[in-house]
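What the coordinates show
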Amino acid sequence: MKTQVAIIGGGPSGLLLGQLLHKQGIDAVVLERKTRDYVLGRIRAGILETGLVDLMRRAGVSERMDRESFVHDGTVISSGDVQFEINFKELTGQHVVVYGQTELTRDLYDAREASGAQTVFNAENVQIHGADNDTPYVTYDVEGNQQRLDCDYVAGCDGFHGVSRKTIPETIRNDYEKVYPFGWLGILSETPPVHEELIYANSDRGFALCSMRNDNLSRYYIQCSLTDSPEDWSDEAFWDELKRRIPAEMADKLVTGPSIEKSIAPLRSFVTEPMRWGRLFLCGDAAHIVPPTGAKGLNTAASDIHYLFEGLRQFYSNGDATGLDTYSERALARIWKAERFSWWMTNLLHRFPEQSGFDLKMQRAEIEFLRSNREAQMVLAQNYVGLPY
Ligand code: RFL
Ligand code: PHB
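Notes on the structure follow. (Residues numbered from 1 in each chain as written. Chains lettered and ligands numbered in written order. Predicted model: local features only at pLDDT ≥ 70, side-chain atom pairs only at ≥ 80, totals over all residues. Heavy atoms only, no water.)

Okay, the site of ligand 1 next. Close contacts around ligand 1 come from 32 residues, with E32, R42, Q101, D285 and L298 the closest. P12 is positioned such that a nitrogen or oxygen atom in its backbone is 3.3 Å from an oxygen atom of ligand 1. Side-chain polar atom of R42 to an oxygen atom of ligand 1: 2.7 Å apart, as the coordinates give it. When isolated, ligand 1 has an accessible area of 1000 Å², and the protein chains bury 89% of it. Looking at which element gives the most residues to the shell around ligand 1, the answer is helix α10 (residues 297-318), with three residues. (Near = heavy atom within 4 Å. Polar contact = N/O pair within 3.5 Å; in protein donor to acceptor, adjacent residues only side chain to side chain. Areas by Shrake-Rupley, 256 points an atom, 1.4 Å probe, with all protein chains shown as cover. Helix = DSSP H or I, 4+ residues; strand = E, 2+ residues; numbered from the N terminus.)

Excluding glycine, most residues fall at negative phi; most peptide bonds, likewise, are trans. P274 follows E273 through a cis peptide bond whose omega is -10°. In this structure, P274 sits in the loop between β17 (259-273) and β18 (276-277).

Time to look at helix α6 (residues 101-115). Here α6 spans 21 Å end to end across 15 residues, near enough to the 21 Å set by a 1.5 Å rise per residue. Of the positions making up α6, those classed as buried are Q101, T102, L104, T105, D107, L108, Y109, A111 and R112. A positive backbone phi angle near 80° is found at G116, which sits one or two residues after α6. (Expected span 1.5 Å × (residues − 1). Buried < 20%, exposed > 50% of the residue type's maximum accessible area, 1.4 Å probe, protein only.)

As a structural note, the neighbourhood of ligand 2 is formed by 14 residues, with Y200, S211, R213, Y221 and P292 the closest of them. Y200 has a polar side-chain atom sitting 2.7 Å from an oxygen atom of ligand 2. Between ligand 2 and T293 there is a distance of 3.4 Å, counted from an oxygen atom to a backbone nitrogen or oxygen. Listing elements by their share of the shell around ligand 2, those giving two or more residues are β15 (208-214) and β16 (217-224). For the shell around ligand 2, the leading source of residues is β15, giving three residues. For the shell around ligand 2, the residue count by class is eight nonpolar, three polar and three charged. No fewer than three residues from each of domain 1 (5-72 + 97-177 + 268-346) and domain 2 (180-266 + 352-385) sit in the shell around ligand 2. (Nonpolar A, V, L, I, M, F, W, Y, C, P; charged D, E, K, R; others polar. Domains from an automatic or database assignment.)

The side-chain alternation of strand β2 (residues 28-31) yields two buried faces, one formed by A28 and V30 and the other by V29 and L31. Here strand β1 (residues 5-8) runs beside β2; their pairing, made up of four bridges, is parallel. Note on β2: the bridge partner recorded for A6 is V29. Considered for its hand, the β-α-β crossover made up of β1, helix α1 (residues 12-23) and β2 is right-handed. Inspection of the sheet shows β2 paired to strand β8 (residues 119-120) by two bridges, in the parallel sense. The partner of V30 across the bridge, within β8, is T119. (Pairing = 2+ DSSP bridges. Right-handed = clockwise from strand over helix to strand, strands pointing away.)

Glancing now at the sheet that holds β2. With mixed pairing, six strands are arranged side by side in an open sheet as β8-β2-β1-β12-β19-β18. Of all strands in the sheet, those with a lone pairing partner are β8 and β18, marking the two edges. Taken strand by strand, α1 contacts β1, β2 and β12 (153-156), and its axis lies near 160° from that of β1. (Contact = heavy atoms within 4.5 Å. Axes fitted to C-alpha atoms, helices over the stretch in contact; angles between N-to-C directions.)

Looking at the element boundaries, E32 is found in the loop between β2 and α2 (36-40). It is R42 that comes nearest to the buried, bridge-free E32 among opposite-charge side chains, at 5.2 Å. One polar contact links the side chain of E32 to the main-chain amide nitrogen of K34, over a distance of 2.8 Å. In contact with E32, not counting residues within four places along its chain, are G9, G10, G11, V39, Y109, V120, F121, N122 and A123. (Lys, Arg positive; Asp, Glu negative; His and termini not counted. Salt bridge = Lys/Arg side-chain N within 4 Å of Asp/Glu carboxyl O.)

This paragraph deals with the state of the cysteines. Taken as a whole, this structure holds zero disulfides when the rule is applied. Counting only cysteine sulfurs, C283 is the nearest neighbor of C157, a cysteine outside any disulfide, at a range of 4.1 Å. Residue C157 is classed as buried on the basis of its relative accessible area of 7%. (Disulfide = S-S within 2.5 Å.)

As a further point, take the sheet that holds strand β10 (residues 137-142). Spatially, three strands are ordered β9-β10-β11 in an open sheet, and the strand pairing comes out antiparallel. Taken across any chain shown, the strands that pair with only one partner, and hence form the sheet edges, are β9 (124-129) and β11 (145-150). Across the sheet, the mean angle separating the axes of adjacent strands is 20° when strand polarity is ignored. Relative to β10, β9 runs antiparallel, the two being bridged by four bridges. Bridging across to β10, H129 finds its partner in Y137.

What follows is the structure, encoded as structure tokens:
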């Protein structure tokens, strides 16, 4: 089989790139290790920057998102019983959009199927060959039979545990990593959200986040130990702990119910440089991870796709490879800023095992400064709504 762009991974990065290329008349095949249902079963991001919303519109896949998503003009930060709003609209003129990654991915799969573009599911043992010369190809197994896909370029969109990043020789790759000493225990419940905006809560018992998907679907997280497993937490224990970490006024009006999903995510900051090796380009979680505190994971994946798509579009329209040659540099310039923001928000809001009395005072002073200083709020708001592409 032959295509112009081989896309490894059918998560949001790979599918968005595939759809943008399809609209541009550039042929791409997506190779996904799992099934569509498996990919859609993962509950992940919920907050979209307008840059991602615009890309979905450009890809012609925004109809349901435009109808069913919710605009958020601000977010609440709380510390103990003190709470204040960061008003994005007033501070930056911009907003974010609440629309689940699951829904966005479903829309992209539906559009891909409707367009007849090819997706290979259950593609096992994917290997990238010849990325450092002019004739790259990808091999993979389907039901035990090896297949070969020849291509001009390979887009590595296969997440943190994928094969693409590992294809780049260690002598060329520089990995930067920070692993945090806690995780997030998250639940999804068919209950109305406790507040119309998200609440990021710092408390003596650890961090908590109140988020949502729609009027009757809430997503809540609490900081937990890395040794915990979801089975250790009954729904009742989760709700009790959440209530202790959010302002009393919010805890009093929290509507609880059975969880329909419960999972633990470890927290990590990670970047690999460069994001290009010959004809292989890394995008999204394959190249970088942020702790979810700033809601930047899916959004940084989207900015990578923007830069790569522009590079490919330019190349296929007039043979100009400038955009491809500068991809890694441009993508990384934005990534590092999102890494800094996510790391900063994580440090501001969590309890760390080794935190001294002094460290806690510093954290409180920073939150108090943020509460009372418009410029500090402006910095948070600019980063949260998304830095320009
Ligand atoms: P994905 O979503 O991991 O998709 C990669 C796909 O590649 C497939 N794959 C392979 N296919 C073929 N061959 C191989 N060898 C393969 N290895 C893997 C996988 O099956 C998968 O389908 O990466 P992608 O597309 O780059 O998307 C990244 C986002 O999923 C991720 O950054 C976000 O979910 C992060 N994130 C959040 N981001 C936000 O912007 N806002 C948020 O509010 C937000 N909340 C979150 C999050 C991530 C979380 N977890 C669980 C890590 C909340 C949580 C709890
Ligand atoms: C979510 O709704 O899943 C979510 C929202 C904001 C975050 C992280 C996760 O910072």
